[in-house]
Structures are given as structure tokens and as C-alpha cells.
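One letter stands for each residue in the lines below.
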Amino acid sequence: MAIYNYGLPMPNYQVPATYQQQYPIQQTVSNTPINNNSSASIIWVQGEAGAKAYPVAPGNSVLLMDSESECFYIKSTDTSGIPMPLRAFTYTEIVQTQQEPERESIDTSQFVTRSELDEIRAMINDLKPKTMSKKESKDEQTVSRNAKQ
């Protein structure tokens, strides 16, 4: 039994269930942003009108796939919830193929052929004995001069 300020007892009234508040308890709003982007699901819309009508939480972006054509949309809102311009993209599949790397084409017109190389080698071999004999003769002359001195 409750007591009034004046010391009188307070009557115990039962409030009928119909008069009780039937409002749901409101949850407190946290400062963390709501994340509408779910990596496990794809959001499909019907055309650009469906993308424009799709609700996006303030300060978020959503990837929306078009079910009517090969394109997707990115819808964003600023922190106050005002929608940004809708961005539309087309997509194509990237096919992975096993290709051998292309070899660089080499211009062989500047190279010497095997037959030309053999001709040059023969010419060098023909000149070698002559130069060797000249060199040997120079060495002999140098030795003979040193011996005379």
C-alpha cells in the first residue's frame, strides 16, 4: 500500500488491459550507420525506375542489378538521406582463356646468315698467317735491335 504525501493510504486500482499502453518499446538509435550492403545476396531491380525507387539508408551506397538488361546501378545517398545521381553501368563477362604468350617478332634482315659467317671466317683464317708472320717478323726485328744495343 502506497502512502500519499498527507499520510493517507493510496487505493490499489487495477487498470484494465484495454486501457494499458499498447505502443511498442522503441529501441535507442545508435550512432553506427546502417549497412544495407549484403555481400551474401544480390539486389535485383526492374529497370532504371526500379533502381530509382529502391530505398537507401542515409550515407550509404547500394549495388543494384537490373533484371531486364545487362546493366547495374549504384545508388548513393548523402548523410542527410538525399539521393545522389543514379549511376548506370553495363557489364560483360571476362572469359579466361589459356593463351601462350606471344613472342616478339624479330627483324632478321640485319643478321648474318650461316653461309655469310662461314665466308667471313674463311677470310679471317686466310689473313691470320700473314698477320702472324708480320708480327713474328716485328718481334724478331725488336729482339735483334735489342741484341745489337
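Residues numbered from 1 in each chain as written. Predicted model: local features only at pLDDT ≥ 70, side-chain atom pairs only at ≥ 80, totals over all residues. Heavy atoms only, no water.

**Focus: the overall build of the chain**
At step 1: Along the backbone of the chain there are two helices and four strands.
At step 2: Across the chain, every contact between residues at least 6 apart in sequence was considered, and the portion connecting residues at least 24 apart equals 13%.
At step 3: Surface exposure of the chain reaches about 14,400 Å², of which carbon and sulfur atoms provide 54%. (Helix = DSSP H or I, 4+ residues; strand = E, 2+ residues; numbered from the N terminus. Contact = heavy atoms within 4.5 Å. Areas by Shrake-Rupley, 256 points an atom, 1.4 Å probe, with all protein chains shown as cover.)

**Some words on the sheet that holds strand 2 (residues 61–66)**
At step 1: Ordered by their spatial adjacency, four strands build an open sheet running 1-2-3-4, and the pairing between neighbours is mixed. Looking at the sheet topology across the chains shown, the edges are occupied by strand 1 (43–45) and strand 4 (87–90). Neighbouring strand axes in the sheet, compared pairwise and without regard to direction, differ in orientation by 35° on average.
At step 2: The pairing of strand 3 (residues 71–76) with strand 4 spans four bridges and is classified as antiparallel. Bridged to Tyr73 within strand 4 is Ala88. (Pairing = 2+ DSSP bridges. Axes fitted to C-alpha atoms, helices over the stretch in contact; angles between N-to-C directions.)

**Digging into the packing of aromatic side chains**
How two aromatic rings sit relative to each other is given by the distance of their centres and the angle of their planes.
At step 1: Counting across every chain of the model gives two aromatic pairs.
At step 2: Taken together, a centroid distance of 6.3 Å and an interplanar angle of 40° make the contact between Phe72 and Tyr91 tilted. Taken together, the residues Phe72 in strand 3 and Tyr91 in the loop between strand 4 and helix 2 (114–148) connect sequence positions 19 residues apart.
At step 3: Judged by its relative accessible area of 32%, Tyr91 falls in the partly exposed class. (Phe/Tyr/Trp six-rings, centres within 6.5 Å; stacked < 30°, edge-to-face > 60°. Buried < 20%, exposed > 50% of the residue type's maximum accessible area, 1.4 Å probe, protein only.)

**Let's talk about the pattern of salt bridges**
At step 1: Within the structure shown, the criterion is met by two salt bridges.
At step 2: When the shortest N-O distance is used, the salt bridge between Lys52 and Glu48 registers 3.5 Å. With a gap of four residues between them, Lys52 and Glu48 both fall in helix 1 (residues 47–53), about one helical turn apart.
At step 3: Here Glu48 falls in the partly exposed class, since its relative accessible area comes to 43%.
At step 4: In this structure, Arg121 and Asp118 form a salt bridge, with 3.9 Å as the shortest nitrogen-oxygen distance. Here Asp118 and Arg121 lie together in helix 2, a separation of three residues that amounts to about one turn. (Salt bridge = Lys/Arg side-chain N within 4 Å of Asp/Glu carboxyl O.)

**Description of the confidence of the model for the chain**
At step 1: Here the chain averages 75 in pLDDT, and 59% of its residues register 70 or above.
At step 2: Across residues 28–33 the pLDDT falls below 50, and counting only partners more than four positions away or on other chains, this stretch makes zero contacts in the model. (pLDDT = per-residue confidence, 0-100.)

**Topic: a nonpolar patch on the surface**
At step 1: On the surface, Val112, Leu117, Ile120 and Ile124 cluster together to form a nonpolar patch covering roughly 330 Å² of accessible area.
At step 2: As for its placement among the helices and strands, Leu117 is situated in helix 2.
At step 3: Overall, Leu117 belongs to the partly exposed group, its relative accessible area being 34%. (Patch = residues over 30% accessible without salt bridge, like charges linked within 9 Å, V, L, I, M, F, W, Y side chains within 5 Å.)

**A short note on the pairing of strand 3**
At step 1: Among the six residues of strand 3, five are classified as buried, and the element is accordingly described as predominantly covered.
At step 2: Bridge analysis of strand 2 against strand 3 gives five bridges, and the strand direction is antiparallel. Its bridge partner lying in strand 3, Leu64 is registered against Tyr73.

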